[in-house]
Structures are given as C-alpha cells and as structure tokens.
Amino acid sequence: MNKIVGDNLKVLRKSKNMSQEEAADHLQISQSAYARMERGESTSWAIHFNKICQIFEISPEELVRKGLGDSVYESLMNTERQTEIAMLGVYRKIIKQYELQIEDLKTIIKHLNKGKN
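Just so it is clear, the structure is predicted and the values come from calculations on it, not from any experiment.

Draft legend 1. Quick peek at the side chain of R13. Mapped onto the elements of the fold, R13 is located in helix α1 (residues 2–15). Note on R13: relative accessible area 8%, which makes it buried. Those residues in contact with R13, other than ones at most four positions away along the chain, are M18, S19, Q20, A23, Y34, E38 and F56.

And the structure:
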C-alpha cells in the first residue's frame, strides 16, 4: 500500500507542478519525510491522509487506488491536446486573414500598375 500511495503522491505532485519541498510545506513536514512517503518507505501518509486529499483535490479512494498515475497522465494529455487543437484553429484563422490581406494587396498593386500605363 505504501508503494501505491507513494507513486500516486509523486504523480499528483508533478501534475500540480510542485516540488517535494512545496508539498512537504503544505503538510508541515520536512522534504526528506515527504520524499520517504513518495518512495513508499514510510506510512506517515496515513497521518496526513485528509490533508493530502485536500491539497491535491482528490478523493480518499483515488489516493489509494493503483494506477492513478495513468488517469492523471491521460487527463493532462487530453488537456494538452485540446489546447493544441484550439491553437491550431486560431493559427488557421490568422493565416486566412493574412492570405486575404495579401490578395487585397495584389489587387491594389494590379490597379496601380494599370494606372501607370
């Protein structure tokens, strides 16, 4: 159980872009004590169980569930993919606007050249 919780703690911490020191500060423990929990070498996570769930915004069941890292990773990847798709849409609109401006400028140049002749 310690190893499962430790692995989950590591995934959750990284998903929040937190250092071990920051996570330890939230729990009011030393960084080394937190590191031992992540490595599965300590049972002290049980003392901080509710606080851990609160910090990482998860249910108690999620903390002790094996394979939590997979679902957190998938969630992050889905969010990144959605952002990427949205950005591609914005880039396409910008490119289309520039293409229309280029066509307008070509027409203007064409009319100016006709005026010279």
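Draft legend 2. Spatial organisation of the confidence of the model for the chain. Chain-level statistics for the chain give a pLDDT mean of 87 and a share of 89% at 70 or above. Mean pLDDT across the elements of the chain ranges from a minimum in helix α6 (residues 68–116), with 82, to a maximum in helix α2 (residues 20–27), with 96.

Draft legend 3. Expanded view of the nonpolar core. Among the nonpolar cores identified, the biggest contains 19 residues, and L9, Y34, M37, I52, F56 and L63 are the most heavily contacted of them. At five residues, helix α4 (residues 49–56) tops the list of elements feeding residues into this core. Leaving out residues up to four positions away in the same chain, M37 has contacts with N2, G6, L9, L27, I29, S42, S44, W45, H48 and I52.

Draft legend 4. Region of the structure containing the environment of F56. Inspection of the secondary structure assignment puts F56 in helix α4. For F56, a relative accessible area of 5% translates into the label buried. Spatially, the C-alpha atoms of F56 and R13 are 7.5 Å apart, while their sequence positions differ by 43 residues. Once you skip the residues sitting within four places of it in the chain, F56 turns out to touch L9, L12, R13, K16, M18 and Y34.

The rules behind these values
Residues numbered from 1 in each chain as written. Predicted model: local features only at pLDDT ≥ 70, side-chain atom pairs only at ≥ 80, totals over all residues. Heavy atoms only, no water. Helix = DSSP H or I, 4+ residues; strand = E, 2+ residues; numbered from the N terminus. Buried < 20%, exposed > 50% of the residue type's maximum accessible area, 1.4 Å probe, protein only. Contact = heavy atoms within 4.5 Å. pLDDT = per-residue confidence, 0-100. Core = buried A, V, L, I, M, F, W, Y, C linked by side-chain atoms within 4.5 Å.

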